[in-house]
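Single-letter residue listing:
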Amino acid sequence: MTTPQPAAVIILAAGQGTRMKSSIPKVLHRIGGRSLLGHALYAARHVAPRHLAVVVRHEREQVAAHVAEVDPRATVADQDEVPGTGRACECGLLALPEDLTGTVLVTMGDVPLLTGQTLAELTRVHEERGSAVTLLSAVVPDAGSYGRVVRDADGELAEIMEFKDAKAHREAGDEYAHVVDITEYNSGIYAFDAEVLRRALGQVGQTNAQGEKYLTDVIKIAREEGRTVVAHPLADLMQTEGVNDKVQLATLGKVLNRRLVEQHMRDGVIVVDPDTTWIDADVSIGPDTVIRPGTQILGATTIGAEATIGPDSTVSDCEVGDRASVVRTQAEHARIGADASVGPFSYLRPGTVLGERGKIGGFVETKNAQIGAGAKVPHLTYCGDATIGEGANIGAGTIFANYDGVAKHHTTVGRHSFVGSDSVLVAPVDIGDGAYVAAGSTIEGRVEPGQIAVARGRQRNVDGWVARRRAGTPTAAAAQEAIDRGDRDTSSRTSRTEDDPTAQEG
């Protein structure tokens, strides 16, 4: 079945959102890795409209800048001082070509669960019925403050009555007093014939309880013209739910996350505990990857097949290869190669690239580090602004001293080189292929291929120091007992270290 292409989508995003009690415009609050408006733009682009307009007013500059960032092709339309959804839609329409014909979809910038598939279905129903207006409706036990769908004796859509007007009729006890009890409500999401919409909006006034120009009045005008108007019920009520405060923001965020996690599981991902797993909308995960409890996968992260992520990990805007393992790790803007392993308790900062079969072990922090295939940074290391060649090994407690207080400098460790434990590499420094650095060294200059660099003080043992300086202590007693037993080694430790610098490598 071919999906019809609407002429335009207009997204209403001009509201102030005072109940959010926030300095952030309501439509810029985020769930699932996107702003509320971002979700609306994503759904709109799914139906491939010829034109897309976003109507803005409150915090105009912030919202317009966000639109330009998320969807540069979209048109930003400004709502003037005339209040109401009808005027907002009219301002959006005025920003589109004057000769626009066809179907115009109208959605809202604060309904993040609305899907592109639902907009496509709305377009299809609208055009198959030859309707002038088609709206999405939903039925709930209590329609709250939503506008009521009023149907005629034949069950066809007669009009939409806003809640405040329905309440006024109830208080007046007139023939419309029953409307407030109607449980079918208007979602505020519409398909219009462009010509009907343009003509009807020119006739809509502000004579109502709120003094606003209602978009819903277009329905009444179209019906009076003898045109077909349709209310199309939507079974998935959450798609019509808007965000008005931070409680609703959290509620819809949780619903969205559950849907995203379930979709990944249907696509073959193994999620051990969906209740403690958070996955953003733009994440891609391959089949048979295991997501363990307490894990967040955020931003535009892509993960290959048969990997393991978690437990207790946060992976944001990263690339993770097939069969990689990431355990109790925070990683941001990093690339982790196939069959590589990370963690536990590691921090991968932006610019980290770990090659295939590479290892970043426990309590390691990396930043702007290119770590080659099969190379290892196993534990207790800071590795910043570095290139580590294939197969190299970085010993425990190594520090890449990359910052001199003014500028950052780079360190290169060659292929299959070995850096001993507790070393400091003072950048800029270059260690050649197949070179060694002795444990405990501070390296400030180049190490040529095949060399070993030893940069540490020579060990000196002072006989009798404990007996003289710590007399009467348990330490002195233990030392004397060992001496009496003949536990002393008379060989020269200092001499052995000098002849064989690798003796203390870790």
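The coordinates are above.
Computed from a predicted model, the values in this text were never measured in an experiment.

**Observations concerning the nonpolar core**
Ranked by internal contacts, the top residues of the largest apolar core, which has 45 residues, are Ile336, Ile388 and Val413. Those elements giving two or more residues to this core turn out to be strand E27 (359-371), strand E28 (376-388) and strand E34 (429-431). Leave out the neighbours within four places in its chain, and isoleucine 336 touches Glu319, Val320, Gly321, Ala324, Val326, Val342, Leu348 and Leu354. Residues Ala14, Ala132, Ile160 and Ile221 belong to the second largest nonpolar core, which totals 36 residues.

**Focus on the packing of helix H1 (residues 36-46) against helix H4 (residues 116-128)**
Their axes nearest at 7 Å, the elements H1 and H4 cross at an angle of 45 degrees. As summarised for this structure, H1 and H4 are arranged oblique, according to the angle between their axes. Between H1 and H4 the crossing geometry is right-handed. Packed against H1, whose contacting residues are Ala43, Ala44 and His46, the element H4 presents Gly116, Gln117 and Leu119 at the interface. Classifying every residue of the contact of H1 with H4 gives three nonpolar, three polar and no charged.

**Topic: unusual backbone geometry**
Cis rather than trans, the peptide bond between glycine 310 and proline 311 has omega equal to 5 degrees. Here proline 311 lies in the loop between strand E18 (308-309) and strand E19 (314-316). That bond from glycine 343 to proline 344 is cis: its omega, 5 degrees, falls within 30 degrees of zero. Position of proline 344 among the secondary structure elements: in the loop between strand E24 (341-342) and strand E25 (346-348). One non-glycine residue, arginine 328, adopts positive backbone phi at about 40 degrees. Note that arginine 328 resides in the loop between strand E21 (325-326) and strand E22 (329-332). Positive phi, normally seen in glycine, also occurs at arginine 357, with a value near 65 degrees. Its location among the elements puts arginine 357 in the loop between strand E26 (353-354) and E27. Accessibility expressed as a relative area gives 47% for arginine 357, which makes it partly exposed.

Conventions adopted
- Residues numbered from 1 in each chain as written.
- Predicted model: local features only at pLDDT ≥ 70, side-chain atom pairs only at ≥ 80, totals over all residues.
- Heavy atoms only, no water.
- Core = buried A, V, L, I, M, F, W, Y, C linked by side-chain atoms within 4.5 Å.
- Buried < 20%, exposed > 50% of the residue type's maximum accessible area, 1.4 Å probe, protein only.
- Helix = DSSP H or I, 4+ residues; strand = E, 2+ residues; numbered from the N terminus.
- Contact = heavy atoms within 4.5 Å.
- Axes fitted to C-alpha atoms, helices over the stretch in contact; angles between N-to-C directions.
- Parallel < 35°, antiparallel > 145°, perpendicular 65-115°, else oblique.
- Left-handed = near helix turned anticlockwise from the far one by under 90°.
- Nonpolar A, V, L, I, M, F, W, Y, C, P; charged D, E, K, R; others polar.

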